[in-house]
Amino acid sequence: MAKITKVLEIDNCNKDILSQVLYKAEFWDAINPSKKMEAKFIAPNVLYTKIYDEIDVIHVQIEMEGELVLSDKGEIEGKGRLVEFNVRNNKDIKNLEGRLRIKALSPTKTKLGVFVEKFALSGDFISLIGSVANLTLQKKITEMMRNIEKYCKTKDLKDFL
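Residues numbered from 1 in each chain as written. Predicted model: local features only at pLDDT ≥ 70, side-chain atom pairs only at ≥ 80, totals over all residues. Heavy atoms only, no water.

Draft legend 1. Representation of unusual backbone geometry within the structure. Notably, Asn12 is not glycine yet its phi reads approximately 60°, a positive angle. Looking at the secondary structure, you find Asn12 in the loop between β1 (4-11) and α1 (15-21). At Asn89, a residue that is not glycine, the phi angle is positive and equals roughly 55°. When you line up the elements, Asn89 lands in the loop between β5 (80-88) and β6 (93-106). Owing to a relative accessible area of 58%, Asn89 belongs among the exposed residues under this scheme. (Helix = DSSP H or I, 4+ residues; strand = E, 2+ residues; numbered from the N terminus. Buried < 20%, exposed > 50% of the residue type's maximum accessible area, 1.4 Å probe, protein only.)

Draft legend 2. Quick peek at the pattern of salt bridges. Inspection of the entire model under this criterion finds 17 salt bridges. Between Lys50 and Glu63 there is a salt bridge; the shortest N-O distance is 3.7 Å. With Lys50 in strand β3 (residues 46-55) and Glu63 in strand β4 (residues 60-76), the pair connects residues that are 13 residues apart, well separated along the chain. With a closest N to O distance of 3.9 Å, Glu65 and Lys50 form a salt bridge. Taken together, the positions of Glu65 in strand β4 and Lys50 in strand β3 put the pair 15 residues apart, joining distant regions of the chain. Residues joined by salt bridges that share partners form a network here, namely Lys3, Arg99 and Glu117. (Salt bridge = Lys/Arg side-chain N within 4 Å of Asp/Glu carboxyl O.)

Draft legend 3. Up close: the sheet that holds strand β7 (residues 109-121). As summarised here, the arrangement of the seven strands in space is β1-β7-β6-β5-β4-β3-β2, forming an open sheet in which the pairing is antiparallel. Of all strands in the sheet, those bounded by a partner on one side alone are β1 and β2 (36-43). Sheet twist, expressed as the average angle between the axes of neighbouring strands with direction ignored, equals 25°. As defined by bridge partners, β1 adjoins β7 across eight bridges and the pair is classed as antiparallel. Within β7, the position partnered with Lys6 by the bridge is Val114. Lying on the sheet, helix α4 (residues 133-154) is in contact with β1, β3, β6 and β7; it crosses β1 at an angle near 10°. (Pairing = 2+ DSSP bridges. Axes fitted to C-alpha atoms, helices over the stretch in contact; angles between N-to-C directions. Contact = heavy atoms within 4.5 Å.)

Draft legend 4. Up close: empty space enclosed by the protein. The full count for this structure, using the stated rule, is two cavities of 30 Å³ or more. In this structure, the largest cavity occupies an estimated 860 Å³ of space. Ile51, Leu96, Leu137, Lys140 and Met144 are the residues nearest the centre of the largest cavity, which is lined by 40 residues in total. If you list the elements that add at least two residues to the lining of the largest cavity, you get α2 (25-31), β3, β4, β5, β6, β7, α3 (123-129) and α4. Here the residues of the lining of the largest cavity sort into 31 nonpolar, six polar and three charged. (1 Å grid on protein atoms, 1.4 Å probe; cavity = no way out; pocket = protein on both sides within 12 Å on 5 of 7 lines; lining within 4 Å. Points joined across faces, edges and corners; volume = space filled by probe spheres on them. Nonpolar A, V, L, I, M, F, W, Y, C, P; charged D, E, K, R; others polar.)

Draft legend 5. Region of the structure containing the nonpolar core. Ranked by internal contacts, the top residues of the largest apolar core, which has 43 residues, are Leu18, Leu22, Phe27, Trp28, Val116 and Leu157. In terms of residue count, the dominant contributor to this core is α4 (seven residues). If we skip the residues at most four places from it in the chain, Phe27 touches Leu18, Val21, Leu22, Ile148, Leu157 and Phe160. (Core = buried A, V, L, I, M, F, W, Y, C linked by side-chain atoms within 4.5 Å.)

Draft legend 6. How the structure looks around the packing of aromatic side chains. Summed over all chains, the structure comprises four aromatic pairs. Their ring planes at 75° and their centres at 5.8 Å tell us that Phe27 and Trp28 sit as a pair that is edge-to-face. The same class applies to Phe27 as to Trp28, namely buried. Seen in terms of ring centroids, Phe27 and Phe160 are 5.7 Å apart; in terms of plane orientation they differ by 85°. Their pairing is edge-to-face. Residue Phe27 is located in helix α2, and its partner Phe160 is located in the segment after α4; the two are separated by 133 residues in the primary sequence. Taken together, the aromatic side chains of Phe27, Trp28, Tyr151 and Phe160 make up a single cluster linked through ring pairs. Lying across the ring of Phe115, Arg99 places its NZ or CZ 4.5 Å from the centre. (Phe/Tyr/Trp six-rings, centres within 6.5 Å; stacked < 30°, edge-to-face > 60°. Lys NZ or Arg CZ within 6 Å of the ring centre and 35° of its normal.)

Below you can see the structure in the form of structure tokens.
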């Protein structure tokens, strides 16, 4: 599958607070673009999720569960904070790896980048959704980032701390 890159500048968003709330299940619930999601941290950097959704393009109901592992690599001079991620223990996703880049543009404006390097589905799941998999992942990432932007316009990320 193709690599995916999404970058967004978010007003009313502090880089350090955003970096902290990544480790709060309530944050993931708030930015969730699916119909329903259950989320909890089962380790300080491992988010377990169970997702119920429908793929709009082909109207297929999905139920998916697995773990998102976040590995904070710290601040990199001139580039911001780097957080690598991967999915594990998911019967539908064989491989999903990427990174988040969180860079302060000002104390109240943050640039957020999501970069998916590897994305592969299991055989059963790819036969179900086929060629719309990459498009669906791109759409969900865009929706999550827009949900962060919307949240920051009306609320404060500090509410998750």
